[in-house]
Amino acid sequence: MIPNRIQTCLDQITKDMATRADRGVVADYIPELAQIDPHQFAISVVTAEGQTYCAGDCQVGFSAQSITKVFTLAIALGRSGDQLWQRVGREPSGTAFNSIVQLENENGRPRNPFMNAGAIVTTDEVLAGREPKQALAEIVGFVQAAAGDNDIHINESVARSEQAHGHRNFALAHFLADHSNLKNAPEMTLGTYFHQCAIELTTQQLARAGRFLMGAKHGPRLVAKPRVRRLNAMMMTCGHYDGSGEFAFRVGLPAKSGVGGGILAIVPGVASIAVWSPGLDHNGNSKLGTEALERLAHEMDWSVF
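Residues numbered from 1 in each chain as written. Predicted model: local features only at pLDDT ≥ 70, side-chain atom pairs only at ≥ 80, totals over all residues. Heavy atoms only, no water.

Draft legend 1. Region of the structure containing the pattern of salt bridges. The tally for this structure, following the rule as stated, stands at 13 salt bridges. The residue Glu-138 makes a salt bridge to Arg-79 at a minimum N-O spacing of 4.0 Å. Of this pair, Glu-138 sits in helix H6 (residues 132-147) while Arg-79 is found in helix H3 (residues 68-80), placing the two residues 59 residues apart along the sequence. A relative accessible area of 40% places Arg-79 in the partly exposed class. With a closest N to O distance of 3.9 Å, Arg-295 and Glu-299 form a salt bridge. Remark: Glu-299 and Arg-295 occur in helix H13 (residues 287-300); sequence separation between them is four residues, near one turn of the helix. Bridged by salt links that share partners, the residues Arg-20, Asp-22, Lys-287 and Glu-291 form one connected network. (Salt bridge = Lys/Arg side-chain N within 4 Å of Asp/Glu carboxyl O. Helix = DSSP H or I, 4+ residues; strand = E, 2+ residues; numbered from the N terminus. Buried < 20%, exposed > 50% of the residue type's maximum accessible area, 1.4 Å probe, protein only.)

Draft legend 2. View of the side chain of Ser-63. Tracing the backbone through its elements, the reader meets Ser-63 in strand S3 (residues 62-63). At 2.8 Å, the side chain of Ser-63 forms a polar contact with the side chain of Gln-65. (Polar contact = N/O pair within 3.5 Å; in protein donor to acceptor, adjacent residues only side chain to side chain.)

Draft legend 3. Representation of the sheet that holds strand S5 (residues 199-201) in the model. Strands sit in the order S3-S5-S4 across an open sheet of three strands; the sheet is antiparallel. Each having just a single partner strand, S3 and strand S4 (153-154) make up the two edges of the open sheet. Bridging between S4 and S5 involves two bridges; their strand directions are antiparallel. Bridge pairing links Ile-154 to Ile-199 in S5. Relative to S5, H6 is tilted by about 15 degrees, and along the sheet it contacts S4 and S5. (Pairing = 2+ DSSP bridges. Contact = heavy atoms within 4.5 Å. Axes fitted to C-alpha atoms, helices over the stretch in contact; angles between N-to-C directions.)

Draft legend 4. How the structure looks around the pairing of strand S1 (residues 42-47). In terms of residue burial, S1 counts as a mostly covered element, since six of its six residues are buried. Burial along S1 is two-sided: the face carrying Ala-42, Ser-44 and Val-46 and the face carrying Ile-43, Val-45 and Thr-47 are both buried. Of the pairings in the sheet, the one linking S1 to strand S2 (residues 52-56) comprises five bridges and is antiparallel in character. Each residue of the ladder has a partner; that of Val-46, found in S2, is Thr-52. Here S1 folds back onto S2 in antiparallel fashion, the turn holding four residues, of which Gly-50 has a positive phi close to 105 degrees. Of the strand pairs in this sheet, S1 and strand S8 (residues 271-276) are connected by six bridges, and their pairing is antiparallel. Looking across to S8, one finds that Ile-43 is bridged to Val-275.

Draft legend 5. Region of the structure containing the packing of aromatic side chains. This structure, assessed with the given rule, holds seven aromatic pairs. Between the aromatic rings of Phe-97 and Tyr-241, the centroid separation amounts to 5.0 Å while the plane-to-plane angle is 40 degrees, which identifies the pairing as tilted. With a gap of 144 residues between them, Phe-97 in the loop between H3 and helix H4 (101-105) and Tyr-241 in the loop between helix H11 (225-238) and helix H12 (244-250) connect regions that are remote in the sequence. Tyr-241 carries the same exposure label as Phe-97, and that label is buried. Between the aromatic rings of Tyr-193 and Phe-194, the centroid separation amounts to 5.9 Å while the plane-to-plane angle is 55 degrees, which identifies the pairing as tilted. Accessibility assignment for this pair places Tyr-193 and Phe-194 in one class, buried. In textbook terms, an aromatic cluster arises when at least three aromatic residues are bridged by ring pairs, as seen for Phe-71, Phe-142 and Phe-212. Between Arg-90 and the ring centre of Trp-85, over which it is positioned, the NZ or CZ distance is 5.1 Å. (Phe/Tyr/Trp six-rings, centres within 6.5 Å; stacked < 30°, edge-to-face > 60°. Lys NZ or Arg CZ within 6 Å of the ring centre and 35° of its normal.)

Draft legend 6. The sheet that holds strand S7 (residues 262-267), seen in detail. With respect to topology, five strands assemble into an open sheet ordered S2-S1-S8-S7-S6, the strand pairing being antiparallel. Edge positions in the open sheet fall to S2 and strand S6 (255-257), since each of these has one partner strand only. On average, each strand axis in the sheet is tilted by 10 degrees relative to the strand beside it, whichever way the strands run.

Draft legend 7. Layout of unusual backbone geometry. Of note, the phi angle at Gln-65 is positive, near 50 degrees, even though the residue is not glycine. Here Gln-65 shows up in the loop between S3 and H3. With a phi close to 55 degrees, Ser-180 is a non-glycine residue in the positive phi region. Assignment of secondary structure puts Ser-180 in the loop between helix H8 (167-178) and helix H9 (186-197).

In structure tokens form, the structure reads like this:
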């Protein structure tokens, strides 16, 4: 039976990941994240039929970081429609996720909504005409509704740590403002952005929150089917920054990573997968999380190709 295969596969992957000596490096440029134990590992799968399978530290909360950009993009497109694409592009970056040089070369229009500058623009779009508390309540509420779980919140310590050390993001925001690509004051948009990235949840909660991206009959219908397809396309081409091509080659699934060590991956119509391992590779993506997803996709024959 497939359910037994899923659980057996998750258990074996978790056992194998525990033996890995090279686990990557935690995101030490955010002091709160630098304290995370890199030996933790968790993986969860929620199927289109609603079954949940977990292994490892799947009840331990972690910082979602850039994974939240998927949910914020969904909200921004719901509020503003395709006019959002006038402010941000849809192409892979080919550079680091926090590149200032690319933003300057392209006159203040970020290459895509998942690199930091693009996510700042997307957050700014959600914030427009409202107070940060209102925008954050909508973002957190969207994630809670997607997961069917109200016990998902912002980690204030992580948000403060990011705000205190987010100098490059401040530079990006001011550069966007200089090119008239911010509707709000940079400090207001960034405050919202830092808090959004500090949403904390478990792999089980994240896998459940990703159900709406499966496009299946089951789970919450928060986004129209055509937009779900576009969100998955953006995840496939841009979800792993400058490692997106490598991830597509190895795993073959649309996915979004975060520097907290999490990855949300989607098997359209079949399953939502969340994995967490805090150590990152040189592109800022979870090292063991990528290995685990490659194994799972191979064993279950899950791929969009």
